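# An overview of the molecular structure
So you can see what is in the structure, the chains are spelled out below.
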Amino acid sequence: MVQLGLIGYPIEHSLSPWIHERFLKQSKIKGKYTLYEINPEENFEKAIENLTSKQIAGFNITVPYKQKIIPYLDQLDKEARDIGAVNTVKHSNGKWIGYNTDGKGYVRSLYKKYESLFINKNKKVLIIGAGGAARGIYYALLGEGLETINITNRTPDKAEEIIQLNDIGINSEVLSLQTAEEQAHEYDVIIQTTSVGMKPRSNEMIINLSALKEGCIVSDIVYQPIKTKFLKRAEELGAKLHYGHTMLLYQAHYAFELWTDTFAPTEGMDEALQQVLEGR
Ligand code: ATR
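What comes next is a walk through the structure. (Residues numbered from 1 in each chain as written. Predicted model: local features only at pLDDT ≥ 70, side-chain atom pairs only at ≥ 80, totals over all residues. Heavy atoms only, no water.)

If you tally the helices and strands in the protein chain, you get ten helices and twelve strands. Over its C-alpha trace the protein chain gives a radius of gyration of 19 Å, about what one expects of a compact globule, namely 19 Å for 280 residues. In the protein chain, which comprises 280 residues, the share counted as buried stands at 50%. Counted over contacts in the protein chain with a minimum sequence separation of 6, partners at least 24 positions apart contribute 67%. Carbon and sulfur atoms make up 46% of the accessible area of the protein chain, which totals about 13,300 Å². Side-chain charges of the protein chain comprise 32 positive and 35 negative groups, with the mean position of each set lying 5 Å from the other. (Helix = DSSP H or I, 4+ residues; strand = E, 2+ residues; numbered from the N terminus. Rg over C-alpha atoms; globule rule 2.2 N^0.38 Å. Buried < 20%, exposed > 50% of the residue type's maximum accessible area, 1.4 Å probe, protein only. Contact = heavy atoms within 4.5 Å. Areas by Shrake-Rupley, 256 points an atom, 1.4 Å probe, with all protein chains shown as cover. Lys, Arg positive; Asp, Glu negative; His and termini not counted. Charge placed at Lys NZ, Arg CZ, Asp CG, Glu CD.)

Have a look at this one:
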C-alpha cells in the first residue's frame, strides 16, 4: 500500500487526490493520497514530524509551505535548489528528499502536445512573468536545446535574477512588457506564467497579442478558466494553444514517477481533468 499525500493551506479543493488516485488505478498500484491540511496557526515542525513518522512514500507541498519545508528535508535535488522551492518530497532510504516538478512537468506537457517543437530546435521562446512558476519553466527549458528563451516581466529585476540560472550560454534577454508586445511576432512559443486572467478577473490580459506570428504556440498556465482571454485572443490570431491544466497534470505525473518509479498512463486524463474543472 503506497501512502501519498499533500500538505498546504487551504487544500480542500485540491485536484491532486483526483489526479494521483487515477494514476494509482491506471498503474494498478494499491495506494492512497491523503490531504494533510496544516493551518498556518499550527506548529509546522510538529505537523511535519507527525507526517514523516508515518509509513509514507512521499508527499506534495503547496502554498504556503513550498519554501518553509526546506529546512526539514535531508537533501534537495538541483532543480529544487536552483528554484528555491519544493513541491514534492520523496522518502528514500530513510531520507527525505525535496524536488520541484513544476518545470519538468510543464515541459512534459508541452512535449506531449507539440513534440515537433523539440525536434527542429532553432526555436524562440518568450516567458511572460518572473515568479516561481516562470523560474521552474525557464530552468527546465534551458536543457531542451532551444535557440532563445527571453523573459518579460512588469518588474525587470526579477526576470534578470532568473536568467542568472542560464549556465549553458543560450540567448536570453529581459524585455519590458511593452517591447514584448511589439516583438511578439519573433516568437515560436509564448508562455504566460502570471496570475493575470485567472478567475474572477478573467477579463484581464497581460499583453496584447496583435503582433503574434501565425502558428505560434501560445501557452497559459492559468487553468481557471480553461480557456483564458489570452488563449482566446491567441486562437483568433491563428495560434496553436497549450492549456494550463495540462501542466497541473504533468507536474503530478513526474511526482508520481519519483514516488513509484512508474510512468503512469495518462490516456483520457487531459479531457477528464478539463471536465472536472469546467464543472466547478
Ligand atoms: P508564482 O510563484 O505562482 O509564479 P508569483 O511569485 O506571485 O507567482 O509571481 C507572479 C508573477 O505575476 C510575477 O511575475 C508578477 O509580476 P511582478 O514580478 O512585477 O510582481 C506577475 N504579475 C502578477 N500580477 C500582475 C499584473 N497585474 N500585471 C503584471 N504582472 C503581474
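Back to the write-up after that little detour.
For the rest of this paragraph, the subject is helix α4 (residues 102-113). The periodicity of an α-helix, 3.6 residues per turn, causes residues three or four positions apart to be oriented the same way. For α4, with twelve residues, the first-to-last C-alpha span of 17 Å sits near the 16 Å given by 1.5 Å per residue. Looking only at α4, the buried set comprises D102, G103, G105, Y106, V107, R108, S109 and L110. The inward-facing, buried residues of α4 abut α5 (132-142), β10 (189-192), β11 (217-220), β12 (240-242) and α9 (244-260). (Expected span 1.5 Å × (residues − 1).)

What follows covers the sheet that holds strand β8 (residues 148-152). In spatial order, the strands read β9-β8-β7-β10-β11-β12; together these six strands make up an open sheet with parallel pairing. At either margin of the open sheet sits one strand with a lone partner, and together these are β9 (174-175) and β12. Here β8 pairs with β9 via two bridges, running parallel. Looking across to β9, one finds that I151 is bridged to V174. Along the sheet, helix α8 (residues 229-236) contacts β7 (124-128), β10, β11 and β12; its crossing angle with β11, the most-contacted strand, is approximately 170°. (Pairing = 2+ DSSP bridges. Axes fitted to C-alpha atoms, helices over the stretch in contact; angles between N-to-C directions.)

In this section: the sheet that holds strand β6 (residues 95-99). Two strands in a sheet stick together by hydrogen bonds in their backbones, pointing the same way (parallel) or opposite ways (antiparallel). Taken in spatial order, the six strands of this open sheet run β2-β1-β3-β5-β6-β4, and their pairing is mixed. What marks the edges here is a single partner per strand, and that holds for β2 (31-37) and β4 (75-76). When β4 meets β6, the two strands line up parallel, connected through two bridges. Looking at β6, one finds that Q75 is bridged to I97. Together, β1 (2-8), β2 and β3 (58-61) form the strand contacts of helix α1 (residues 16-26), whose direction differs from that of β2 by roughly 165°. Of the strands in this sheet, β1, β2, β3 and β6 touch helix α2 (residues 44-52), which is tilted by about 170° from β1.

Here we take up the packing of α1 against helix α10 (residues 269-278). The interhelical angle for the contact between α1 and α10, taken along N-to-C directions, is 150°, at an axis separation of 12 Å. Taken together, the axes of α1 and α10 lie roughly antiparallel to each other. Seen from above, α1 lies across α10 with right-handed handedness. For the pair α1 and α10, the contacting residues are W18, I19, R22, F23 and Q26 in the first and M269, A272, L273 and V276 in the second. (Parallel < 35°, antiparallel > 145°, perpendicular 65-115°, else oblique. Left-handed = near helix turned anticlockwise from the far one by under 90°.)

What follows deals with α10. All of the buried residues in α10 are M269, L273 and L277. What you see down the axis of α10 is that its buried residues fit within an arc of 75°, all on one side. Away from its buried face by more than 90 degrees, α10 exposes Q275 and E278. Here the buried face of α10 lies against α1 and α9. (Arc of directions from axis to C-beta.)

All right, on to unusual backbone geometry then. Look at the link from Y9 to P10: it is a cis peptide, with omega at -10°. Looking at where P10 falls in the secondary structure, it is placed in the loop between β1 and α1. In this chain, Q224 is followed by P225 through a cis amide linkage whose omega measures 10°. As for its position among the elements, P225 is in the loop between β11 and α8. The backbone phi angle of N93 is positive, close to 50°, even though this residue is not glycine. In this fold, N93 is placed in the loop between β5 (88-92) and β6. Of the residues examined, N93 reaches a relative accessible area of 80% and is grouped as exposed. The backbone of D261 shows a phi angle near 55°, a positive value even though the residue is not glycine. In this structure, D261 sits in the loop between α9 and α10.

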